[in-house]
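# An overview of the molecular structure
Residue strings, one per chain:
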Amino acid sequence: MIAMSLRRLGWMVLTLWVVFTISFFLMRAVPNGPLSSERNLSPEIERLMAKRFNLDKTPFEQYRMELGNILSGDLGHSFRLNDFTVAEVIEQGLPISLSLGSLALAFALTLGLIAGVTSAVFRGTRWDTGFMLLATTGIALPNFVIAGICILVFVFFFSWFPAAGWGSWQHMVLPAFCLGLPYAASISRISRTSMLDVLSEDYIRTARAKGVGPTRVVMVHALRSALLPVVSYLGPAVAGILTGSLVIERVFAIPGLGTHFVEAAIQGDYTLAMGMVLLYTVLLYSMNWLVDLSYAFLNPRISAHS
Amino acid sequence: MEPNQAGNSLGKDAWRKLRRNRAAMGSLVWLVVIGLLAAVTPLLPLQAPDTVQMAVQYTEPTLSPVWLHTFNLDTNAIAETPALVEQYQEELVTLQGIAREKEQELDQAARQLPGDTSVEERAESLAPYQVPFDEAYELARRKHAQIEDTIQAPYRKLGFAPLNGISRQFVKWRYAIFGNRSLNSICGRDVLGRDLLSRVFWGARVSLVVGLVATFVSLVIGVTYGAVAGYFGGWIDDAMMRFVDVLYSVPFIFVVIFIITILGEESVARELAYWGIGRITIFFVVVGAIYWLTMSRVVRGQVISLKNEPFIEAARSLGAGHARIIFRHILPNVFSVVLVYLTLTIPKVMLFEAFLSFLGLGVEPPNVSWGLLANEGIKVMSPVKIYWWLILFPSLALGSTLLALNLLGDGLRDALDPKLRKE
Amino acid sequence: MSRSRLFFGLLALALILSLGWAFSGNQMPPADFTFVNNSEIKGVDPAKVNGSPEGNIVRALFEGLTRWHPETLEPIPGIAERWEISDDGLVYTFHLREDAKWSDGSLVTAGDMVYSLRRFLGPRTIAEYAYLGWCIKNARRYSLASSSLKVGDLVEVEANLPVDAINTLRGELVHGKLVEIEELGNDEKAFVVEHDGKQTRYLAADDADAIKQEPPADSRWCRQVLLDFREVGIEEIDSRTLRITLESPTAYFLKLVGYYPFAPVQQRCVEKYGSPGWTKQENIVSNGAFTLGFRRIRDRIRLIKSDTYWNRENVRLNIVDALAIEARTTAVNLYMTDEVDWIISVPTPSLKVMLKADPPRNDLKPAPFLGVYYYMLNTTRKPLDDLRVRRALSLALDREEITSILLAAGEVPALSLVPPGITGYQAQETEVHDTQAKNVARAQELLAEAGFPKGQGFPRLDILYNTDEAHQSIAELIRKQWQRELGISIKTRSEEWAACQSSQQQMRYNVARRAWIGDYTDPNTFLDMFVTGGDQNNTGWGNPDYDRLIREAALETDPQKRMRLFEEAERLLMEELPIVPIYFYVSKNMVKPYVRGFYNNLQDVHPLSNIWIDRESKSNEFTNPGIGKPANNKLELAKEQP
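Procedures and definitions
- Residues numbered from 1 in each chain as written.
- Chains lettered and ligands numbered in written order.
- Predicted model: local features only at pLDDT ≥ 70, side-chain atom pairs only at ≥ 80, totals over all residues.
- Heavy atoms only, no water.
- Helix = DSSP H or I, 4+ residues; strand = E, 2+ residues; numbered from the N terminus.
- Rg over C-alpha atoms; globule rule 2.2 N^0.38 Å.
- Buried < 20%, exposed > 50% of the residue type's maximum accessible area, 1.4 Å probe, protein only.
- Contact = heavy atoms within 4.5 Å.
- Lys, Arg positive; Asp, Glu negative; His and termini not counted.
- Charge placed at Lys NZ, Arg CZ, Asp CG, Glu CD.
- Core = buried A, V, L, I, M, F, W, Y, C linked by side-chain atoms within 4.5 Å.
- Domains from an automatic or database assignment.
- Buried area = accessible area lost by both parts, 1.4 Å probe.
- Salt bridge = Lys/Arg side-chain N within 4 Å of Asp/Glu carboxyl O.
- Polar contact = N/O pair within 3.5 Å; in protein donor to acceptor, adjacent residues only side chain to side chain.
- Nonpolar A, V, L, I, M, F, W, Y, C, P; charged D, E, K, R; others polar.
- UniProt positions renumbered as here; feature names shortened; annotations may be inferred.
- Axes fitted to C-alpha atoms, helices over the stretch in contact; angles between N-to-C directions.
- Parallel < 35°, antiparallel > 145°, perpendicular 65-115°, else oblique.
- Left-handed = near helix turned anticlockwise from the far one by under 90°.
- Pairing = 2+ DSSP bridges.
- Patch = residues over 30% accessible without salt bridge, like charges linked within 9 Å, V, L, I, M, F, W, Y side chains within 5 Å.
- Areas by Shrake-Rupley, 256 points an atom, 1.4 Å probe, with all protein chains shown as cover.

### Structural notes on the overall build of chain C
If you tally the helices and strands in chain C, you get 18 helices and 26 strands. A compact globule built from 642 residues would reach a C-alpha radius of gyration of about 26 Å, and chain C, at 28 Å, matches this within 12%. When the backbone C-alpha atoms are referred to their principal axes, chain C occupies close to 85 × 80 × 70 Å. The buried share among the 642 residues of chain C stands at 60%. The long-range fraction of contacts in chain C, counting pairs at least 24 apart against all pairs at least 6 apart in sequence, stands at 67%. Counting 76 positive and 89 negative side-chain charges, chain C places the averaged centre of each group 5 Å from the other.

Right under this line is the structure:
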């Protein structure tokens, strides 16, 4: 397991370097550099600013310098959010994204598993169809539509939750629901499929034949094996939830990371975009590593190399 | 449990199972209907999608009267078009000739300049040639645009975005069948008084094409890549799959937005527009080029399990080349997996297009897509006033299609999965 | 078996812990007054920002020599309690009040003012608004650094600093006389400066370069060579008295020094923490009615009443929250659920419905202000270089359709650049006919004359706008109007704000949306944009006569004559139409009825120090539903007439 973790770490470093390189040159291709402001600058000042951001150097030199900075842990200043360093931006946004993300994930897991397992167990019945329809709406409508409708219903019709903002648990419920819904849909479908697979396995039949009660068969014997694909889905899902929450953040005015992620790309904020991309890669790798660990933990027969 | 009849091919068997799945069959029918309607949209008696009428801004859905008599296609102008176009074409050829001549003169003059001339001097001494060239070029350009304008003018006047030849023919037929009748706004009107129903129909064309083409691009790349990696195995497989792993960790939203921003920049966009490449085309390619990752993994897995089967061995012993084995013997057998994956990727791509519309990076007016329409509906919704039809109908169209695709995908998976076939 | 149970136990525990941690976010005390400040601000450094969301914050944190009256916007005493103006209108002597204090308790001195203005004008500060200060004697030359220097000028040479020095520090200054400027090519220059009878040759180098390399023989490195600041008309008489000498009498100068870019910053603070470090909430020292309490990106800025502000008795809000919310609908939702008390701009679809409410709402009163919405035409491109084409585009525009149907909040169709409302000025309108039909006929004629009969052959121009619902629908409507009346095929293209700005500056556009809101109540704030090569003039248009008129107006002492010169300039502009004015803005503030001290005014500026909450009326409102606004946040399903 330690060897696996070390290998993972090695791959992560290599991937980070590749991602850094790709992003670096991709960003330099964007026409609107950091110097575009509301005024035309005199050439003298423009030179000064270019110098400040090292833009007067050759791309290769810039690349070397930035790589050096990042290796020393300095992600630099954000080009657009002038008052903040990239580290500060992440420091402000990450806790918010993390708490919103974990709630969304908890919700997605609960709803997804219940729907998936129920519809697998009652395959072909009305329960199956009903749950699957419900679960599929999560990936059938854009989340801005879902969020808009949720606000209308739960904020204005029922007055249950605040319309937007951040600060208390009431503020988190609606956004977490809207953010988690597509993932709930995916989880329910994955768990349904794997549950169906497992239920047709011999050992389940054996258990049934031995007279183990149906609830126990499902909950204890089948669910455990059926969960493995769900667990492996969680890795990319967590990274996606943390960074793909732009729409939800905009609609509910939440100061998380998702917005920076997209806006940095649109606005040509080189440093912030780079910070976000690297953060994403690290997150993704750590999540996948956790998933692998839990795999090995859950099922010792599966070798750690997969 | 039916006994598996001998001779039943996998396809037939699956089809039989699929037919019993009512949700999947319903979805299939729905998708076919939507696809057909989208294909023949110009033929339907709808209002033009881009007719702005401020006076009827935000009209609620209405059925009285059922028919509007405003679709007055200028058939005379259309009839005159071919002759005019022919005449302009001739003029264009002449003008292009002149432009080429001037260009040669300019080139010649440029070549005669000494090599060390500074940029300013160069511009100054070439001015006597540059100006006539620019003028001649401009005339040719205008003529070129005039031809396009002459062809499009009758349709544009009615409120159509530039139409291709087939759509123009459809519009003409529609006029022959229905006359100047068009269906009233049974789905209401938007902020500029445009008919929502026809926008949903025209949006279907864009949305479906986006989903299909982008997925197709991902299919081609992913299947080839996955099959090659899986078939050759060893270090090739290792290297290729590690590459996929690395690409997986590049956040693709970021890449797509970056590329769309880069290519949307004015000079680049103009260059691309010259080649007929719009933002939508870029979208196809970029999204297709990103969604192939999962595809390639899935296909690779299948190929690995297939390549040691006896029939592959047999083909190899008969001297078939690698390419032949991959494309003739292996790929047809991964068809089922690919099909399932396809039905599940199309909805993802369509949702992604909607997301880009939310960011203002989606299709550009006068084109419409479902995502764009849904976004417009949501943006005007507030607790003060809900223009419910602007949200309901686009969402319904988008939602039902995506739902159908997902259900069909699930049904296909159930039907094609050998493990479940036992049941 | 126990293994998996342990795993799920751990997973559940992790989830519960993270949820507990997520929910335990420390609650801040609620604010007295909360408003939606639209987009995230760029910063709070008065010299460096522009834009109205920034203005709302900076105005609350800092106070200049004067303030603006919340209703009339006339200048009233700020940190200067009185002032004298010389008879020729050129010399202003400001007397600072004894109790003008920084938030750390120290006095705001004339020295602080001089430092701040120098910093504001200094080229290395890159102040967006520095050009506003150019009415001060020699300020322009100081600001433009070496490019404005002539042989014989008194100059200051700034020495280089160590690379790791705080970035707001200045190097040591050498004052001397410029003896010679050597052009070294490639925009580089060498300056020979005579100082204490010695001549030294200076070469500009950035700090890092200066450290790394030896300067060429017989030369010295310097950071920059500027006009001697002692030549600039800003002078400290004593610690409470400041004298400012102007280039020419500037009618609006008192108003200008109340504008936030002219506000003082504390030298000690700025030089201790550097920029932008000094604006961090733990470092910042300010002198306004509020101090900076908390700042989180894309969330809020919390302002706390200052206990050192000289006029603190009259500031009645203790805590103010400014929310950065970009989605307009979200802002409306927050207002409707009583989470915020003021939203700056109500989106059009909601606004139109609410304006028709019966009985009329008492929290929404759109009023005109000095703002104009216009399209710039890139006159360096074909066919927009043709005046006939530009005129045709302007004539074919049905502005009435835009203002009365699409926007419908009382916006006025604009036929001139300068909005109505400036006393003594008669806006000069572009030529139109009495009916739209005639306009269109004339436009078609003009277009045909320009070589595009029935619009055929016209290139596919695009309208560039920054991504926003309102701009999008206007652009689409105009696209259709031009297509309908002229037969030309136009496209629309949106770009995110910063990208859009840079596209416009680099003239990578055909037609582009712009808007301008007056910085002060004078035609100059609109008209001086379009001098040849002006910062805001991204049309490629230039006219020497126009430049001359603007220059003459600046020097004119007679207010009447001055206005006539501006009128003449605008007439010229509206004849040549490098821009197509579309409509004049109205303010779209929605303010809860219990908010007092909030006035509609010509610049849509609302100082927070004057705002207060009528608690009685606020609590009444909850016991007396039905007055003005709904008692709860249930849906108001307004029925709209089609």
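### Points about the nonpolar core
Grouped together as the largest cluster of nonpolar side chains are 240 residues, with contacts concentrated most on Leu-356 and Leu-359 of chain B together with Tyr-375 and Trp-482 of chain C. Here this core takes 15 residues from helix α14 (residues 388–416) of chain B, the largest share from any one element. The residues touching Leu-356 of chain B, leaving out its near neighbours within four places in the chain, are Val-256, Ile-257, Ile-260, Phe-283, Leu-361 and Gly-362 of chain B. If you look at the next biggest cluster of nonpolar residues, it comprises 129 residues, including Leu-549, Leu-565, Ile-579 and Val-595 of chain C.

### A closer look at the environment of Trp-102 of chain C
Residues and elements named next belong to chain C. With respect to the helices, strands and loops of the structure, Trp-102 is situated in the loop between β5 (91–96) and α3 (110–121). Along the backbone, Trp-102 and Val-58 are 44 residues apart, and their C-alpha atoms lie at a distance of 15 Å. When sequence neighbours within four positions are dropped, the list of residues in contact with Trp-102 reads Leu-107, Val-108, Asp-112, Pro-264, Val-265, Gln-266, Val-285, Ser-286, Asn-287 and Thr-308.

### Structural notes on the domain arrangement of chain B
All names here are of chain B. On domain assignment, one finds that chain B holds domain 1 (3–42 + 194–420) and domain 2 (72–179). Relative to domain 2, the C-alpha centre of domain 1 lies at a distance of 38 Å. Tallying the contact residues gives seven residues for domain 1 and seven residues for domain 2. Across the domain 1 to domain 2 interface the summed buried area is about 480 Å²; carbon plus sulfur atoms make up 71%. The largest contributions to the domain 1 side of the interface with domain 2 come from Pro-42, Trp-202 and Pro-366, which together make up 75% of the buried area. Connecting domain 1 to domain 2 are zero salt bridges. The tally of links between domain 1 and domain 2 comes to one residue pair in polar contact (both at pLDDT 80 or more). Each residue belonging to the side of domain 1 that touches domain 2 can be placed in one class, and the counts come to five nonpolar, one polar and one charged.

### Section: the pattern of salt bridges
Residues and elements named next belong to chain C. Counted by the stated rule, this structure contains 60 salt bridges over all chains. For Asp-338, the salt bridge identified is with Lys-592, shortest N-O distance 2.7 Å. Taken together, the positions of Asp-338 in the loop between α8 (328–336) and β17 (342–343) and Lys-592 in the loop between β24 (590–591) and β25 (595–596) put the pair 254 residues apart, joining distant regions of the chain. Its relative accessible area of 27% is what places Asp-338 among the partly exposed residues.

### Points about the UniProt feature "domain: ABC transmembrane type-1" (unreviewed entry) in chain B
In this numbering, the UniProt entry assigns the feature "domain: ABC transmembrane type-1" (unreviewed entry) to residues 204–409 of chain B. This span, residues 204–409 of chain B, is 83% helix and 0% strand, and a straight line between its end C-alpha atoms measures 20 Å.

### Examining the interface of chain C and chain B
On the chain B side, the residues contacting the 48 residues of chain C number 40 residues. Where chain C packs against chain B, one counts five salt bridges. When the shortest N-O distance is used, the salt bridge between Lys-379 of chain B and Glu-469 of chain C registers 3.6 Å. Counting only elements with at least two residues in the side of chain C that touches chain B, the list comes to α8, α9 (348–355), α11 (399–407), α13 (469–486) and β21 (491–495) of chain C. It is α13 of chain C that contributes the most residues to the side of chain C that touches chain B, eight residues altogether. Tallied by class, residues from the side of chain C that touches chain B come to 17 nonpolar, 16 polar and 15 charged.

### A short note on the packing of helix α11 (residues 257–267) of chain A against helix α8 (residues 252–264) of chain B
Where α11 of chain A contacts α8 of chain B, the two axes come as close as 9 Å, and the packing angle between them is 25°. If you check the angle between α11 of chain A and α8 of chain B, you find them roughly parallel. Viewed along their axes, α11 of chain A and α8 of chain B form a crossing whose handedness is right-handed. Of the residues in α8 of chain B, those in contact with Phe-261, Val-262, Ala-265 and Ile-266 of chain A of α11 of chain A are Ile-253, Phe-254, Ile-257, Phe-258 and Thr-261 of chain B.

### Re the domain arrangement of chain C
All names here are of chain C. Looking at chain C, the domain boundaries give domain 1 (3–60 + 278–364 + 589–627), domain 2 (75–270) and domain 3 (367–587). The straight-line distance from the C-alpha centre of domain 1 to that of domain 2 is 37 Å. Taken together, the contacts link 21 residues of domain 1 with 27 residues of domain 2. Three residues stand out in domain 1 for area buried against domain 2, namely Val-285, Asn-287 and Trp-310, and they jointly supply 33% of the buried area on that side. The interface formed by domain 1 and domain 2 contains one salt bridge.

### Some thoughts on the sheet that holds β21 of chain C
Taken together, six strands build an open sheet; the order of strands is β19-β23-β18-β22-β20-β21 (chain C) and the sheet is mixed. The strands lining the two open edges of the sheet, one partner per strand, are β19 (412–413) and β21 of chain C.

### So, a nonpolar patch on the surface
Residues and elements named next belong to chain A. A cluster of nonpolar residues, Ile-2, Leu-6, Leu-9 and Val-13, forms a patch on the protein surface that exposes about 430 Å² of accessible area. Turning to its location among the elements, Val-13 is positioned in helix α1 (residues 2–28). Residue class for Val-13 comes out exposed when judged on its relative accessible area of 52%.

### Here we look at the pairing of strand β15 (residues 300–305) of chain C
Moving residue by residue along a regular strand, the side chains alternate between the two faces of the sheet. All names here are of chain C. Where strand β14 (residues 290–296) lies against β15, six bridges are found, and the strand directions are antiparallel. The residue bridging Arg-296 from the neighbouring strand is Arg-300, located in β15. Linking β14 back to β15 in an antiparallel pair, the connection comprises three residues, with Arg-298 at a positive phi of about 55°. Looking at chain direction, β15 and strand β16 (residues 319–323) are connected through five bridges and run antiparallel. Note that in β16 the partner of Arg-300 across the bridge is Leu-323.

### Section: the sheet that holds strand β12 (residues 234–238) of chain C
Residue and element names in this part refer to chain C. A sheet is described by the order of its strands in space; here four strands give the open sequence β4-β5-β13-β12, paired in antiparallel fashion. What marks the edges here is a single partner per strand, and that holds for β4 (80–85) and β12. Along the sheet, successive strands turn relative to each other by an average axial angle of 20°, direction set aside. Pairing geometry for β12 and strand β13 (residues 241–245), over four bridges, is antiparallel.

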